[in-house]
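# Structural characterization, general
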Amino acid sequence: MYKSDYLNRVLEQTKNTYPEQKEFVQAVEEFLDSMDFLVSKDPKIEGNAILERLIVPERIIQFRVPWVDDNNKIRVNTGYRVQFNSAIGPYKGGIRFDKSVNLSILKFLAFEQTFKNSLTGLPMGGAKGGSDFDPRGKSDKEVMRFCQSFMAELYRHIGPHTDIPAGDLGVGAREIGYMFGYYKKLKNEWSGVFTGKGLSYGGSLYRPEATGFGLLYFTEEMLKTYFKSDIKGKRVLISGSGKVGSMAALKAKELGAIIVGMSDINGCVVDPNGLEVEEILNLAKAKGEFVNEYIKKYPDVKYSKVARDLWKTPCDIALPCATQGEINLDNAKELKEGGCYLLVEGANMPCDLEAIRFFNENDIIFSSGKASNAGGVAVSGLEMAQNATFSSWSKEEVDEKLRKIMKNIFNECYQTACQYGQPKNLALGANIAGFLKVYEAMLAQGIV
Ligand code: GLU
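Residues numbered from 1 in each chain as written. Predicted model: local features only at pLDDT ≥ 70, side-chain atom pairs only at ≥ 80, totals over all residues. Heavy atoms only, no water.

Turning our attention to the side chain of Asp 98. Along the chain, the position of Asp 98 falls in the loop between strand 3 (91-97) and helix 6 (103-119). For Asp 98, a relative accessible area of 15% corresponds to the buried category. Residues in contact with Asp 98, not counting those within four places in the same chain, are Ser 131, Asp 132, Phe 133 and Arg 136. (Helix = DSSP H or I, 4+ residues; strand = E, 2+ residues; numbered from the N terminus. Buried < 20%, exposed > 50% of the residue type's maximum accessible area, 1.4 Å probe, protein only. Contact = heavy atoms within 4.5 Å.)

So, about empty space enclosed by the protein. Applying the stated criterion to the full structure yields one cavity of 30 Å³ or more. Volume-wise, the largest cavity comes out at about 50 Å³. Of the residues belonging to the lining of the largest cavity, the class tally is four nonpolar, two polar and four charged. (1 Å grid on protein atoms, 1.4 Å probe; cavity = no way out; pocket = protein on both sides within 12 Å on 5 of 7 lines; lining within 4 Å. Points joined across faces, edges and corners; volume = space filled by probe spheres on them. Nonpolar A, V, L, I, M, F, W, Y, C, P; charged D, E, K, R; others polar.)

Throughout the structure, instances matching the rule amount to 28 aromatic pairs. Their ring planes at 85° and their centres at 5.7 Å tell us that Phe 37 and Tyr 420 sit as a pair that is edge-to-face. Of this pair, Phe 37 sits in helix 3 (residues 36-41) while Tyr 420 sits in the loop between helix 17 (395-419) and helix 18 (426-444), placing them 383 residues apart in sequence. For Tyr 420, a relative accessible area of 14% translates into the label buried. Ring geometry for Phe 97 and Phe 150: centres 5.3 Å apart, planes at 80°, overall edge-to-face. Linking Phe 97 in strand 3 with Phe 150 in helix 7 (residues 140-154), this pair joins segments that are 53 residues apart in sequence. Taken individually, Phe 97 and Phe 150 each receive the classification buried, so the pair is uniform in this respect. Taken together, the ring pairs connect Tyr 18, Phe 24, Phe 31, Phe 84, Phe 111, Phe 115, Phe 435 and Tyr 439 into an aromatic cluster. (Phe/Tyr/Trp six-rings, centres within 6.5 Å; stacked < 30°, edge-to-face > 60°.)

Counted by the stated rule, this structure contains zero disulfides. Here Cys 321 is not disulfide-linked; the sulfur of Cys 351 is the nearest cysteine sulfur, at 11 Å. What makes Cys 321 buried here is its relative accessible area of 6%. Free cysteine: Cys 351, not disulfide-bonded; nearest cysteine sulfur from Cys 340 at 9.6 Å. (Disulfide = S-S within 2.5 Å.)

Bringing unusual backbone geometry into the picture now. Here the phi dihedral of Lys 228 falls at roughly 45°; this positive angle occurs in a residue that is not glycine. Note that Lys 228 resides in the loop between helix 9 (207-227) and strand 6 (235-239). With a relative accessible area of 74%, Lys 228 lands in the exposed category. One non-glycine residue, Phe 390, lies in positive phi territory at about 50°. Residue position: Phe 390 is located in the loop between helix 16 (375-388) and helix 17. Looking at Phe 390, the relative accessible area reads 80%, which means it is exposed.

Here the focus is the sheet that holds strand 3. On the basis of which strands lie adjacent, the open sheet formed by five strands has the order 1-2-4-3-5 and mixed pairing. A strand with exactly one partner marks an edge of an open sheet, and here the two such strands are strand 1 (59-68) and strand 5 (163-166). Neighbour to neighbour, the strand axes of the sheet diverge by 20° on average, direction disregarded. Where helix 7 meets the sheet, its contacts fall on strand 1, strand 2 (74-85), strand 3 and strand 4 (126-131), and the angle it forms with strand 1 comes to roughly 145°. (Pairing = 2+ DSSP bridges. Axes fitted to C-alpha atoms, helices over the stretch in contact; angles between N-to-C directions.)

We now examine the sheet that holds strand 12 (residues 365-367). Hydrogen bonds along the backbone pair up the strands of a sheet, which may run parallel or antiparallel. Taken in spatial order, the seven strands line up as 9-8-7-6-10-11-12 in an open sheet, and their pairing is mixed. Two strands lie at the open edges of the sheet, namely strand 9 (302-304) and strand 12, each paired on one side alone. Each adjacent strand pair in this sheet contributes to an overall mean axis angle of 15°, direction not counted. Here strand 6 pairs with strand 10 (residues 317-320) via four bridges, running parallel. Pairing of Val 236 across the sheet is with Ile 317, part of strand 10. Packing against the sheet, helix 9 makes contact with strand 10, strand 11 (342-344) and strand 12, and its axis sits at approximately 150° to strand 11.

Shown next as structure tokens:
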């Protein structure tokens, strides 16, 4: 129950209207948790039905994606694009190809993207898209045919000033290349309509590294501000074998952290003296997973076939970089028992609501992904800027800008949290700071 009747009404309405969309309802509730004070102080929010408008996407596109597999069998998937909010800039957000994709997941991702993009300080609205297509185990030709069919519908809804997709789970350079190529053919137009493109056709240096590296820059700011310390010698857990987890591990190692545990979909490996990170990165890059191979190569390593067991490992810092819902209340308690005092989300919503509330009540400083994983979309914004000005920046230039953006995001979240009397509640700071810019733009633009 919130103090504000307005918030209680909005939450009730969300739960009643979308009872089956549990991820979306969680994302809205996590956001509303931060709004109590603001809403009671500023009657214009209710007066202009800002929250009611904010939780309904501006547009949802849902479509059939038929394609032919290598055995000449016709397959059909569902494609989506959720264009959530364009108050501060064109829709922007990734595309996810994964069996688990449904409207609830894409709506939660697009909702959070709106605030994440706002926090970067760049003019980007929020969107997300994808399909329940699983690229794993498919041939290149099958992936290409799928991407082309997906784009045969999506191309009419996107554009460099309308909506600029990028990658996400299951969508990397290969998929973006196929989708970009087909868009260009259909529109007869070369434009920066995608980010995360290959370097030879308008991509930005450091885009693949950006989310993971940005996460570590953010973590360093947290350590500096709250503990007057840095990551050197700290014990770190990282989940996920995708780009975010891998690049986070690479940067953490470079900064002197000890990676004591990592996980992928098959389980986790743990070594209190530090894992062989380079070996893990090579395996993850080649196969998209590493645990099964790593335990063959290092038979003495401690491991579990349950990925969640990672959180039982004693650590200082936990960086969940796999996917939503990977840390529940039990895992949160295990982390506390193991001495963890910093939880920095690299994935989108990896912690459920009970876990987040537990962290806040038990002195584990928590940062939500919408702040700490914003480095990826921030460098997407830099890629858009490079495309628009026909330029390409060096690694050093992009890295410097990324560091600055992550530092600014941290400072904005921290200062906002301080201003609202809860200096350790970075999630509150992120929600309020991300919201305020979108709110101001919505107010200025009238009832649209
Ligand atoms: N999918 C990434 C995210 O969750 C990146 C989106 C983008 O670059 O547009 O932020």
